[in-house]
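One-letter residues, chain by chain:
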Amino acid sequence: MRNYSSGSTMIRNIVILGDFILFNALLYFIFSFFPDILPDFYTHHRRTTFLAASMSLLVAELFYHSNMHVERVSNGDMIPMAFRLVITQTVIFFLTTRLLSSGSGFFYFMLIFTPASFVLLSLARILELKILRHYRQMGGNTRTVLFVGNDPALRILYQDLMGDAATGYKVYGYFADEDMQDAPRGLKRQGSIDDFDSLMAENTTLVEGENAKRHHLDEVFCCLSHDDEERIRRVIDWCNQNMVHFYFLPRMQRNIFTRLKTERLGGQVVYTNLVEPLSSLGNRIVKRAFDVIFSSVVLVLLLPFLPIVALIIKCQSKGPIFFAQKRTGLNGKTFTCYKFRSMHVNADSDSQQATKDDPRKFPFGNFMRKANIDELPQFFNVLKGDMSVVGPRPHMLLHTEMYGQMIDKYMVRHVSKPGVTGYAQVTGYRGETRELWQMEERIKRDIWYIENWSLWLDIRIILMTFVSTLHHDKNAY
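Residues numbered from 1 in each chain as written. Predicted model: local features only at pLDDT ≥ 70, side-chain atom pairs only at ≥ 80, totals over all residues. Heavy atoms only, no water.

## Describing the packing of helix α9 (residues 281-302) against helix α16 (residues 455-470)
Each packed pair of helices is defined by two parameters, the angle between the axes and the distance between the axes.
1) Next: Where α9 contacts α16, the axes come no closer than 10 Å and their chain directions differ by 30°. On the basis of the axis angle, α9 is roughly parallel to α16. Where α9 approaches α16, its residues V286, K287, F290 and F294 are matched on the opposing element by L455, D458, I459 and I462.
2) Next: For the contact of α9 with α16, a count of residues per class yields 6 nonpolar, no polar and 2 charged. (Axes fitted to C-alpha atoms, helices over the stretch in contact; angles between N-to-C directions. Helix = DSSP H or I, 4+ residues; strand = E, 2+ residues; numbered from the N terminus. Parallel < 35°, antiparallel > 145°, perpendicular 65-115°, else oblique. Contact = heavy atoms within 4.5 Å. Nonpolar A, V, L, I, M, F, W, Y, C, P; charged D, E, K, R; others polar.)

Quick look at the structure:
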């Protein structure tokens, strides 16, 4: 039976072989040009050192080998995997060689070898991905896909698969009794369902593509009604017999564009409208630990500047140093959010967003808002557990009530703790929302973050926030 992996095993093996060459080359480079940083054990047992390094990498590759061979992958997907691979390899390497010798210098060597390995491997991954994308754009390592049905779910899938030619998918077309509504130009109906039955009866997996070339069919995506159980079963059996990978897509009932995801409940596969990585206790512990450590560091660094910020606020505007406002938090619960006060005391603070030339802002308050300084007290909220460092930004209670009625899925954003910064804010949807579509786009990004959370994603968003602080966001006011 054919391997049903979504990419090429050959490409994965080539990348893994490249990893071994890369790590051993780095080790050889250190031996040749920087012998002073090597522990005595490595110097006197060179072959054992190279063997231990290679065996450590072999074990690490079993858990964190490259995911480049899958069709849709980006630098953002590869770098975290490369980081895990390097950490696992160096930890095993360190422990193995440390057990073989009671000498010193191992830890110092690893402090240099680990970041050097990560930088080198990351650069290699970026180069490998560029080469692979070029290879796929030239027609290599492609997979021919066929759709069965005309449901809108297939149209969206087509757009996902064909959004980048470098993903390596070639969609032959679809079989359905009627044309697909609003079908993309490149997605052609090849015949009726009975015509597809005839294709299966011929027991062939060859389909005609562009220029009348015949291609081997690799994957079938079926989106038929559950009432067509017998026909779906025939398609599955035909795919099994001809070593074609079968996928079933749930139909979009009444064209409601809700993407259902699969989960396993006991021994059954169920579909849900939301996948939350943070529903896992382990992930919640990791995120909370990161929040506490990061917030503690920020607040300690902030303490020396607090009197200066307080003095300037007092000099420019009468009133309290901090601004406290009720906002919507986790599971829709209300909490008190703290900020440095950036506006004169006014009666509209709970109902009116800040605008670009808002007369309520005083000069230093305007600067604080552009530089995100006014948000720093929210790290106290993080320590209290009301907020997280990264998450959907908390909204005023009035906006929660208003947008909750106007935007589908708006309340979904509250299944996660609100954040000091968020994915929507670093991707261009920060500040005033003058039109409804702006808030809708912000909500889409909030939900995407919830469904795709990882510690690495949090770190990326924090770094992007820091960059936007140095280069003032035009929407920050």
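Resuming the write-up.
## Observations concerning the side chain of T88
1) Next: Topologically, T88 is positioned in helix α4 (residues 75-100).
2) Next: One polar contact links the side chain of T88 to the main-chain carbonyl oxygen of R84, over a distance of 2.8 Å.
3) Next: Here T88 is in contact with A60 and Y64, once residues within four sequence places are set aside. (Polar contact = N/O pair within 3.5 Å; in protein donor to acceptor, adjacent residues only side chain to side chain.)

## Some details on helix α11 (residues 363-370)
1) Next: Regarding α11, the residues found buried are F364, G365, M368 and R369. Within α11, the buried residues cover an arc of 140° as seen down the axis, which keeps them to one side.
2) Next: For α11, the elements touching its buried residues are α10 (306-316) and β10 (334-340).
3) Next: Note on α11: the residue one or two positions beyond its end, N372, has a positive phi of about 70°. (Buried < 20%, exposed > 50% of the residue type's maximum accessible area, 1.4 Å probe, protein only. Arc of directions from axis to C-beta.)

## Thoughts on the pairing of strand β1 (residues 143-148)
1) Next: For β1, the tally of buried residues reaches 6 of 6 residues, placing the bulk of the element in the interior.
2) Next: Residue alternation in β1 divides its side chains into two sets, R143, V145 and F147 and T144, L146 and V148, and both sets are buried.
3) Next: Sheet analysis places β1 next to strand β2 (residues 169-175), joined by 6 bridges and oriented parallel. Along β2, the bridge assignment pairs F147 with Y174. (Pairing = 2+ DSSP bridges.)

## A closer look at the confidence of the model for the protein chain
1) Next: Across the protein chain, pLDDT averages 83, with 83% of residues at or above 70.
2) Next: Contacts from residues 254-258, a stretch scored under 50 in pLDDT, to residues over four places away or in other chains number 7 contacts. (pLDDT = per-residue confidence, 0-100.)

## Examining the state of the cysteines
1) Next: Under the criterion given, the structure shown has 0 disulfides.
2) Next: Counting only cysteine sulfurs, C222 is the nearest neighbor of C223, a cysteine outside any disulfide, at a range of 7.3 Å.
3) Next: C223 sits in the buried class, given a relative accessible area of 2%. (Disulfide = S-S within 2.5 Å.)

## Re the nonpolar core
For soluble globular proteins, the rule of thumb is that nonpolar side chains tend to be buried together.
1) Next: Ranked by internal contacts, the top residues of the largest apolar core, which has 23 residues, are L27, I30, Y42, F93, F109 and F113.
2) Next: Mapped onto this core, the elements with two or more residues apiece are α1 (9-33), α2 (40-44), α3 (46-64), α4 and α5 (106-137).
3) Next: Excluding anything up to four places from it in sequence, F109 contacts L27, I30, I37, L38, P39, Y42 and F93.
4) Next: One finds V298, F379, Y449 and I450 within the second-largest nonpolar core, a separate group that totals 20 residues. (Core = buried A, V, L, I, M, F, W, Y, C linked by side-chain atoms within 4.5 Å.)

## Details of α9
1) Next: With 22 residues, α9 should cover 32 Å at 1.5 Å per step; its first-to-last C-alpha distance of 31 Å lies within 8% of that length.
2) Next: The complete set of buried residues in α9 reads K287, F290, D291, S295, V298, L299 and L302. One face of α9 carries all of its buried residues, which in axial projection span an arc of 150°. Exposed residues on α9 whose side chains face more than 90 degrees from its buried face are L281, I285, I293 and V300.
3) Next: Residues of α9 that are buried in the fold lie against α10, α12 (378-384), β11 (388-390), α15 (436-451) and α16. (Expected span 1.5 Å × (residues − 1).)

## Here's the deal with the packing of aromatic side chains
1) Next: In total, this model carries 21 aromatic pairs according to the counting rule given.
2) Next: Between F29 and F33 the ring centres are 5.0 Å apart and the planes differ by 40°, which places this aromatic pair in the tilted class. Taken together, the residues span about one helical turn, with F29 and F33 both in helix α1 at a distance of 4 residues.
3) Next: A relative accessible area of 40% means that F29 is categorised as partly exposed.
4) Next: Following the ring pairs from residue to residue traces out a cluster consisting of F41, Y42, F93, F106, F109 and F113. (Phe/Tyr/Trp six-rings, centres within 6.5 Å; stacked < 30°, edge-to-face > 60°.)

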